[in-house]
Amino acid sequence: MNDYAHIGRSVQRREGRAKLTGAALFTDDFKIEGLLHGATVRSRVPRGRITGIHFEEGFPWDEFVIVTARDIPGKNVVAHLIQDQPCLADGVINHPEEAIMLLAHPDPQRVQDARERVRVDVEPLPPVLSIDESLRCDPVIWGEDNIFKTIHITKGDPDGAEAQGHLRMDATYLTGAQEHVYIEPNAIIAEATAEGVLVRGSMQCPYYVHHALHEMFQLPLEKVRVAQVETGGGFGGKEDFPSMLACHAALLSWKAGGRPVKIAYDREEDMACTTKRHPSRTRIRSAFATDGTLLALDVELLLDGGAYTTLSPVVLSRAAIHASGPYRCPNLRVQARALATNTPPHGAFRGFGAPQSLFAIERHMDEAARRLGLDPAELRRKNLLRTGDVMATGQIMRDEVDLIALMDRALTEIRYAEKRDSYPTLNASDDPVKRGVGFSVFMHGGGFTGSAETMLNSVAALEGTEDGRVRVLAASTEMGQGANTVFTQVAAEALQAPVDLIMVVPPDTSLVPNSGPTVASRTTQVVGKLVLDAGLAMRKTLLDAGLLLDGDVAGAIRTYVARHGALRTESRYQKPDFMEWDDTTYRGDAYATYSWACYAVDLRVDLVTYETQVADFVAVQEVGRALNPTLAAGQIEGGVAQGIGWGLNEEVIWRGGSMANHQMSNYLIATAVDLPRIRVFFEERPFAYGPGGAKGLGELPMDGPAPAILNAVQHALQIAPRQVPMTPEVLMDLVEGA
Amino acid sequence: MSISKILLKLTVNGIARQIYVHPMARLLDVIREDFGLTGTKEGCGEGECGACSVILDGMLVNACLVPAVQAQGSTLRTVESLAGVDLSPLQEAFLHHGGAQCGFCTPGMLVAGTHLLETNAVQDEAGAREGLAGNLCRCTGYVKIVDALLATREGRP
Ligand code: FES
Ligand code: FES
């Protein structure tokens, strides 16, 4: 049942028309007078000291704008959580793609050519290229011990409980890096003088970029302006990296006396130099009772953070909190560390640490089921969280969700019981193609962790215009996920107005308040609520002014603005009253709510080619209310596709700390033929603190596919794969080594 | 070391155009920079992603791989030609089904999809997937793009 006029309806994408006709302008599409094209000279060694920079003789260097660390007017830093990453290397090199020098020229070919004519002499130092080397402090490359952040979560008595287990297991799970491959590579245009800095480009978080520019130039906040333009996908890959690119482009412009400078990466540079998903290693020791009851989990989680801190501490936090999965586990220890290595910094990628730890626990549960002689569904039935249970950080599970029913719905859709029985018989034949069915159950916390939403203190505003329309002002960016449309629906709902009255203003720090970054599945759940409340406040203002009696919202706004000169309402984040979090002890309500899901897979493994083909995919999830069912399903389908890729094919090959296969031709993302029709189902249980009952859902679909696939492979081949991507080579080694 | 440019004459979206181009210029750059038709995108520059798909003399090509001089005397169609006053049926279907998210692959998808429909190359879902295999999308998982193509083919919304 839907009592709403706009919420819960598949309103068409607001900027859809422009995107379909080719009229939508992305960063590289702007025609700008006097534009210079920027390029980056990089290190080629993972670690070392710069001993000299040489410019090829006879080359007309005076045609070029040249920037090194010395030209930075303020601080040589790309500011994120802490300030350990330089904008340009100054003497020391910590990864093989580190930027050392910037060049600009009116001709894009010339600048690429010039970059090959700069030689940087580096005295190499021994690098740290793996989690193990980093742990051994061999050598120390960051801080005192190579550790960016450590997190401990303890509950009950894990050691005591482990000793009592009927089944005790100890297994280690590995996940690889993953490249975002948004189809639009990173691009930024900057104009910078002491009078002011203007940066426009492809990005998720205008205020992150704003902060970084402010810190690097040491200019007053109001002299920095950052505007997002149409962004061709982000997935976390345009969360922190654009800050670096913006600093680079702005430095070139600064040196060029304010001429506009564009840096648009080509695909190879984008893949090699920008952030990727953190590789991980998770060791789980567990204890189960004879009947399958989970007694204890002891999880040691390690993330490879790359050369600088960037977002690793918060990625680690989400990974740690999700490490025990959706299970009731009375005795738990999580020890999580993010470590430094001499690779480009790893960063945000849809899921933000949760896919890594959920992969480990969801594989572990299937392995435990096999050892206990239970069906994986039976094992979960015994241990899945129920409302009122206590979660890892002591949080009481408030969500009224029936996880067993959710799981059963997915299992019914995929015809699990029947396939679970029949496939082993079929697989006993000589046919080299084996069949398997498997699933995963998981959750994803919506919004920032713990008290971070409170600290962010987000604000969104609505403004009425002279001609009776409503402008939505928020820093949340549209990058394909549907923020424009969802904000429009929510504002229209609050005002009881037609959607055509609502315009979402493209984020520009000179126009919009800081509603926080566009990350963490928070745009709909958190910022959407602010938009809703600002809309309700505007409606109240109009009613209090004696307007709106005839229901004509546009007319009421016109009258109000004519009378008072302006109409603006704001809403500021307020945490749900029940939420308590202690960042020092890691106890309390880690998230206001979670989205919950069960994903089920039916697949074929070819034992000749060792290729795995997903034949059917069912995604059942509880996301509060889906504000726009078409857009919501699109998010799930796209996330599942990325999750399947991470599970099977998307392998980053590292050589000397750099991505060796940094081309689309050898880092393979799924095409339409590689994927089945992803079947999406929503359970809707409105969340009291979300707009129209909505919860975050953007990252959830990344968490489930990889473990579900490997669980199905366990069923098909009776082996225990523990590593993604499970490429044909990895699988062959496992099968032939067995 | 000035290299003499070549006069290129072709019909672009129904209009006769001529322009001097560098002998090594890519068709993609001529489309985007010289003709200002920035609907055609560059996602990889190596023939992998299909974001630069255009129709050249009735053939679907990746404009990043085609030397501009090869378009001499040709008829070229880009995404900008698909809509008249109204959106084309395929564009309408994309809007209705949610086939565009970030929109960066979308022009290429639409051009490829239009070509598939015009050549009657799609009979069913498997055919639609096969036909779109040269166009990468990172946002959608392809379901809604395939649905839009099939719906258009069958003349339903
Ligand atoms: S840009 Fe031409 S195929 Fe990718
Ligand atoms: S819609 Fe974003 S790449 Fe296809």
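Fair warning: this is a prediction, and the values are worked out from it, not measured in the lab. (Residues numbered from 1 in each chain as written. Chains lettered and ligands numbered in written order. Predicted model: local features only at pLDDT ≥ 70, side-chain atom pairs only at ≥ 80, totals over all residues. Heavy atoms only, no water.)

Enquirer: An account of the overall build of chain B is needed here, citing residue identities and associated values.
Expert: Scanning chain B from N- to C-terminus turns up five helices and five strands. Shown N-terminal to C-terminal, the secondary structure of chain B runs as helices and strands in the order β-β-α-β-β-β-α-α-α-α. In terms of overall size, chain B behaves like a compact globule, its C-alpha atoms giving a radius of gyration of 16 Å where 157 residues would be expected to give roughly 15 Å. By principal-axis analysis of the C-alpha atoms, chain B measures approximately 55 × 30 × 25 Å. When the 157 residues of chain B are sorted by exposure, 57% land in the buried category. In chain B, of all internal contacts separated by at least 6 residues, the share reaching a separation of at least 24 is 55%. Surface exposure of chain B reaches about 6,300 Å², of which carbon and sulfur atoms provide 53%. In chain B, 12 positive and 16 negative side-chain charges are present, and the distance between their average locations comes to 3 Å. (Helix = DSSP H or I, 4+ residues; strand = E, 2+ residues; numbered from the N terminus. Rg over C-alpha atoms; globule rule 2.2 N^0.38 Å. Buried < 20%, exposed > 50% of the residue type's maximum accessible area, 1.4 Å probe, protein only. Contact = heavy atoms within 4.5 Å. Areas by Shrake-Rupley, 256 points an atom, 1.4 Å probe, with all protein chains shown as cover. Lys, Arg positive; Asp, Glu negative; His and termini not counted. Charge placed at Lys NZ, Arg CZ, Asp CG, Glu CD.)

Enquirer: Explain the overall build of chain A to me, using residue names and the numbers behind them.
Expert: Along its length, chain A carries 20 helices and 28 strands. The globule rule puts the C-alpha radius of gyration for 738 residues at 27 Å, and the 26 Å found for chain A is close to it. Considering only C-alpha atoms, chain A reaches an extent of 75 × 70 × 50 Å along its principal axes. Residues counted as buried form 64% of the 738 residues belonging to chain A. Summarising the internal contacts of chain A: among those between residues at least 6 apart in sequence, 81% fall at separations of at least 24. Per element, the accessible surface of chain A, about 25,000 Å² overall, is 49% carbon and sulfur. Across chain A, the centroid of the 72 positively charged side chains sits 3 Å from that of the 94 negatively charged ones.

Enquirer: Give me the lowdown on the domain arrangement of chain A, citing residues and values where you can.
Expert: All names here are of chain A. What the domain assignment reports for chain A is domain 1 (16–24 + 452–572), domain 2 (33–125 + 187–264) and domain 3 (280–449 + 585–737). The gap between the C-alpha centroids of domain 1 and domain 2 is 34 Å. Taken together, the contact between domain 1 and domain 2 spans 16 residues of the former and 18 residues of the latter. A combined buried area of about 1,400 Å² lies between domain 1 and domain 2, and 55% of that area is made up of carbon and sulfur atoms. For the pair domain 1 and domain 2, the interface holds two salt bridges. Between Lys19 and Glu230 there is a salt bridge whose closest N-O contact spans 3.9 Å. Run the count over domain 1 and domain 2 and you get nine residue pairs in polar contact (both at pLDDT 80 or more). Looking at the side of domain 1 that touches domain 2 residue by residue, the classes come out as eight nonpolar, five polar and three charged. (Domains from an automatic or database assignment. Buried area = accessible area lost by both parts, 1.4 Å probe. Salt bridge = Lys/Arg side-chain N within 4 Å of Asp/Glu carboxyl O. Polar contact = N/O pair within 3.5 Å; in protein donor to acceptor, adjacent residues only side chain to side chain. Nonpolar A, V, L, I, M, F, W, Y, C, P; charged D, E, K, R; others polar.)

Enquirer: If you had to explain the pairing of strand S15 (residues 331–340) of chain A to someone new, which residues and values would you point to?
Expert: All names here are of chain A. Taken across its 10 residues, S15 has eight buried, putting it largely inside the fold. Two strands pair when backbone bridges link them, and strand S7 (residues 147–155) and S15 are joined in this way by eight bridges, in the antiparallel orientation. Each residue of the ladder has a partner; that of Lys155, found in S15, is Leu332. Where strand S14 (residues 294–306) meets S15, 10 bridges bridge the pair, whose relative direction is parallel. (Pairing = 2+ DSSP bridges.)

Enquirer: Go over the packing of helix H17 (residues 629–648) of chain A against helix H19 (residues 705–717) of chain A, please, and point to the residues and values.
Expert: All names here are of chain A. Packing of H17 against H19 brings their axes to within 7 Å, and their N-to-C directions diverge by 50°. Taken together, the axis directions place H17 and H19 in an arrangement best described as oblique. Our pair here, H17 against H19, has a crossing hand that is right-handed. Judged by residue contacts, Val640, Gly643, Ile644, Trp646, Gly647 and Leu648 of H17 engage Pro705, Ala706, Ile709 and Leu710 from H19. (Axes fitted to C-alpha atoms, helices over the stretch in contact; angles between N-to-C directions. Parallel < 35°, antiparallel > 145°, perpendicular 65-115°, else oblique. Left-handed = near helix turned anticlockwise from the far one by under 90°.)

Enquirer: Got a sec to walk through the environment of Leu110 of chain B? Specific residues and values, please.
Expert: Mapped onto the secondary structure, Leu110 of chain B falls in helix H3 (residues 106–118). Those residues in contact with Leu110 of chain B that sit more than four places away from it in its chain are Leu20 of chain A together with Val79, Leu82, Leu90, Gln91 and Phe94 of chain B.

Enquirer: An account of the interface of chain B and chain A is requested, with residue identities and associated values reported.
Expert: Contact residues are listed per partner, giving 46 residues for chain B and 52 residues for chain A. Here chain B meets chain A over a buried area of about 3,900 Å², counting both sides, of which 56% is carbon and sulfur. The largest per-residue losses of area from chain B upon contact with chain A belong to Leu95, Gln101 and Arg138 of chain B, which jointly make up 21% of the total buried on that side. If you look at where chain B meets chain A, you find 24 residue pairs in polar contact (both at pLDDT 80 or more). Taken together, the elements giving at least two residues each to the side of chain B that touches chain A come down to helix H1 (27–34), helix H2 (89–97), H3, helix H4 (125–131) and helix H5 (143–153) of chain B. For the side of chain B that touches chain A, the leading source of residues is H2 of chain B, giving five residues.

Enquirer: Any details on the packing of aromatic side chains? Residues and values, ideally.
Expert: All names here are of chain A. Taken as a whole, this structure holds 18 aromatic pairs over all chains when the rule is applied. Three or more aromatic residues joined by ring pairs make a cluster, and in this case those are Phe55, Phe59, Trp61 and Phe64. If you follow Arg200 out to its NZ or CZ, it ends over the ring of Phe30, 6.0 Å from the centre. Above the face of the Tyr182 ring, Lys238 is positioned so that its terminal group lies 4.4 Å from the ring centre. (Phe/Tyr/Trp six-rings, centres within 6.5 Å; stacked < 30°, edge-to-face > 60°. Lys NZ or Arg CZ within 6 Å of the ring centre and 35° of its normal.)

Enquirer: Requested: an account of the side chain of Asn62 of chain B, with residues and values cited.
Expert: Residue and element names in this part refer to chain B. Looking at the element boundaries, Asn62 is found in strand S4 (residues 59–62). A distance of 3.5 Å separates the side chain of Asn62 from the backbone oxygen of Gly47, its partner in a polar contact. Those residues in contact with Asn62 that sit more than four places away from it in its chain are Gly47, Gly50, Cys52 and Ser53.

Enquirer: An account of the nonpolar core is needed here, citing residue identities and associated values.
Expert: Residue and element names in this part refer to chain A. Phe439, Trp596, Tyr599 and Phe617 are the most contacted members of the largest nonpolar core, which totals 161 residues. Ignoring any residue separated from it by four or fewer positions in sequence, one finds Phe617 in contact with Ile414, Tyr599, Ala600, Val601, Val640, Ile644, Pro676, Arg677, Ile678, Arg679 and Pro705. Val472, Phe487, Val499 and Ala694 belong to the second largest nonpolar core, which has 38 residues in total. (Core = buried A, V, L, I, M, F, W, Y, C linked by side-chain atoms within 4.5 Å.)

Enquirer: With reference to specific residues and values, describe the pairing of strand S12 (residues 261–264) of chain A.
Expert: Residues and elements named next belong to chain A. In the sheet, strand S1 (residues 36–42) pairs with S12 via two bridges, with the strands oriented parallel. Residue pairing in the sheet places Leu36 in a bridge with Val261 of S12. Alignment of strand S9 (residues 187–193) against S12, held across four bridges, turns out to be antiparallel. Residue pairing in the sheet places Ala190 in a bridge with Val261 of S12.

Enquirer: So what's going on with the pattern of salt bridges? Which residues, and what values?
Expert: Note on pairing: side chains with opposite charge can pair once their charged atoms come close. All names here are of chain A. According to the stated counting rule, one finds 62 salt bridges over all chains in the structure shown. Across the pair Lys276 and Glu179 runs a salt bridge whose closest N-O atoms are separated by 3.7 Å. Here Lys276, found in the loop between helix H7 (267–273) and strand S13 (280–288), pairs with Glu179, found in the loop between strand S8 (167–175) and S9; they are 97 residues apart in sequence, far enough to count as distant. According to the relative accessible area criterion, Lys276 is buried, its value standing at 2%. Measuring nitrogen to oxygen at the nearest pair gives 2.8 Å for the salt bridge that ties Lys419 to Asp602. In this pair, Lys419 sits in helix H12 (residues 416–427) while Asp602 sits in strand S23 (residues 594–606), placing the two residues 183 residues apart along the sequence. For Lys419, a relative accessible area of 8% translates into the label buried.

Enquirer: Provide a residue-level description of the domain arrangement of chain B, including the pertinent values.
Expert: Residue and element names in this part refer to chain B. The domains assigned to chain B are domain 1 (6–81) and domain 2 (89–153). For domain 1 and domain 2, the distance between their C-alpha centroids amounts to 21 Å. Each partner contributes to the interface: domain 1 provides 17 residues, whereas domain 2 provides 12 residues. For the pairing of domain 1 and domain 2, the buried interface totals around 1,100 Å² over both sides, and the portion due to carbon and sulfur atoms is 62%. The largest per-residue losses of area from domain 1 upon contact with domain 2 belong to Lys41, Leu60 and Val79, which jointly make up 36% of the total buried on that side. Here domain 1 and domain 2 share one salt bridge between them. Note that Glu118 and Arg77 form a salt bridge whose closest N and O atoms lie 2.9 Å from each other. On inspection of domain 1 and its partner domain 2, the count reaches five residue pairs in polar contact (both at pLDDT 80 or more). Those elements that place two or more of their residues in the side of domain 1 that touches domain 2 are strand S3 (53–56) and S4. Top element by residues in the side of domain 1 that touches domain 2 is S3. It accounts for three residues. Across the side of domain 1 that touches domain 2, the residue classes tally to seven nonpolar, six polar and four charged.

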